[in-house]
Amino acid sequence: MPDKEFSTTDFRNALGSFATGVTVITALGKNGQKIGMTANSFNSVSLDPALVLWSIGRDANCFDDFIAAESFAIHILAEDQQDLSNLFATTGADRFAGLKTTEGLSGVPLLPSYSTCFQCRIENQYDGGDHVILVGKVLEFTDNGTRPLIFHRGGYGAL
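Described in the following lines is the structure provided in the data block. In this text the structure is predicted, and so the values were computed from the model without any measurement.

**Some remarks on the overall build of the protein chain**
- Summing up its helical and strand segments, the protein chain has three helices and 12 strands in all.
- Each of the three principal axes of the protein chain carries a C-alpha extent, and together these read 50 × 35 × 30 Å.
- When burial is assessed residue by residue, the protein chain has 38% of its 159 residues classed as buried.
- Restricting to contacts in the protein chain with at least 6 residues of sequence separation, those with at least 24 account for 64%.
- With an accessible surface of roughly 9400 Å², the protein chain has 51% of that area assigned to carbon and sulfur atoms.
- The average position of the 11 basic charges and that of the 18 acidic charges among the side chains of the protein chain differ by 2 Å.

**Points about the nonpolar core**
- Of all hydrophobic cores here, the largest spans 21 residues; its most connected members are Ile25, Trp54, Ile56, Phe66, Phe72 and Ile74.
- Within the residue set of this core, elements represented by two or more residues are β2 (23-28), β3 (34-39), β5 (51-57), α2 (63-68), β6 (71-76), β9 (116-128) and β10 (131-143).
- What Ile56 contacts, discounting residues up to four positions off in sequence, is Met37, Cys62, Phe63, Phe66, Ile67, Asp130, His131, Val132 and Leu134.
- Residues Leu84, Phe88, Leu111 and Leu149 belong to the second largest nonpolar core, which totals eight residues.

**Thoughts on the packing of aromatic side chains**
- Under the criterion given, the structure shown has seven aromatic pairs.
- On the numbers, 5.7 Å between centres and 25 degrees between planes, the contact of Phe42 with Phe118 is stacked. One end of the pair, Phe42, is in the loop between β3 and β4 (43-46); the other, Phe118, is in strand β9, and 76 residues separate them in sequence.
- Assessed through its relative accessible area of 24%, Phe42 is described here as partly exposed.
- Here Phe88 and Phe96 contribute two aromatic rings whose centre-to-centre distance is 5.2 Å and whose plane-to-plane angle is 90 degrees, an arrangement assigned as edge-to-face.
- Members of the aromatic cluster, each reached through a chain of ring pairs, are Phe42, Phe118 and Phe141.

**Overview of the sheet that holds strand β1 (residues 20-21)**
- Judged by pairing direction, the sheet is antiparallel, and its three strands sit side by side in the order β1-β11-β12 without closing on themselves. The open sheet has two edge strands with one neighbour each: β1 and β12 (155-158).
- Sheet analysis places strand β11 (residues 149-152) next to β12, joined by four bridges and oriented antiparallel. Within β12, the position partnered with His152 by the bridge is Gly155.

**Some thoughts on the sheet that holds β3**
- Spatially, β3-β2-β6-β9-β10-β5-β4 is the arrangement adopted by the seven strands of the open sheet, whose pairing is antiparallel. The sheet is open, and its two borders are formed by β3 and β4, each paired with just one other strand. Averaged over all pairs of adjacent strands, the angle between strand axes in this sheet comes to 35 degrees, irrespective of strand direction.
- Pairing between β9 and β10: 12 bridges, direction antiparallel. Its bridge partner being in β10, Phe118 is matched across the sheet by Phe141.
- Set on the sheet, helix α3 (residues 82-89) makes contact with β2 and β3; between it and β3 the angle comes to about 115 degrees.

Basis of the calculations
- Residues numbered from 1 in each chain as written.
- Predicted model: local features only at pLDDT ≥ 70, side-chain atom pairs only at ≥ 80, totals over all residues.
- Heavy atoms only, no water.
- Helix = DSSP H or I, 4+ residues; strand = E, 2+ residues; numbered from the N terminus.
- Buried < 20%, exposed > 50% of the residue type's maximum accessible area, 1.4 Å probe, protein only.
- Contact = heavy atoms within 4.5 Å.
- Areas by Shrake-Rupley, 256 points an atom, 1.4 Å probe, with all protein chains shown as cover.
- Lys, Arg positive; Asp, Glu negative; His and termini not counted.
- Charge placed at Lys NZ, Arg CZ, Asp CG, Glu CD.
- Core = buried A, V, L, I, M, F, W, Y, C linked by side-chain atoms within 4.5 Å.
- Phe/Tyr/Trp six-rings, centres within 6.5 Å; stacked < 30°, edge-to-face > 60°.
- Pairing = 2+ DSSP bridges.
- Axes fitted to C-alpha atoms, helices over the stretch in contact; angles between N-to-C directions.

Take a look at the structure:
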């Protein structure tokens, strides 16, 4: 059966019908600098062992740093953290300016607040077309039990 032709814009809009949580992923870059970005590609993989995944676009300005990182933290944002999501989604911004991060496992910067945070070691990386899928083994997590920030059809929402 031949592949159906459709535009990437139409495909992206259709994917937006699936409501997701919003995360900020942090790590240390190749030169030891703090790096971070907003992502909604987070998903669970396995309970035993504890594995999660997220994907990064090959055109992301911090792509090389994340691909080289050995560890990362996934912060699921709380419903009142839309501004933080926007900050970490802005290209060229000093994303850590004014944030009092703490040091997590392997020195990974942890945000001062979040709904849940998973600290992970890279387990695998897989080719995913114009993205790379990063699978992390969860070494530690903190669940603050707050309501998450939701993203749906290009906009934020709450439960």
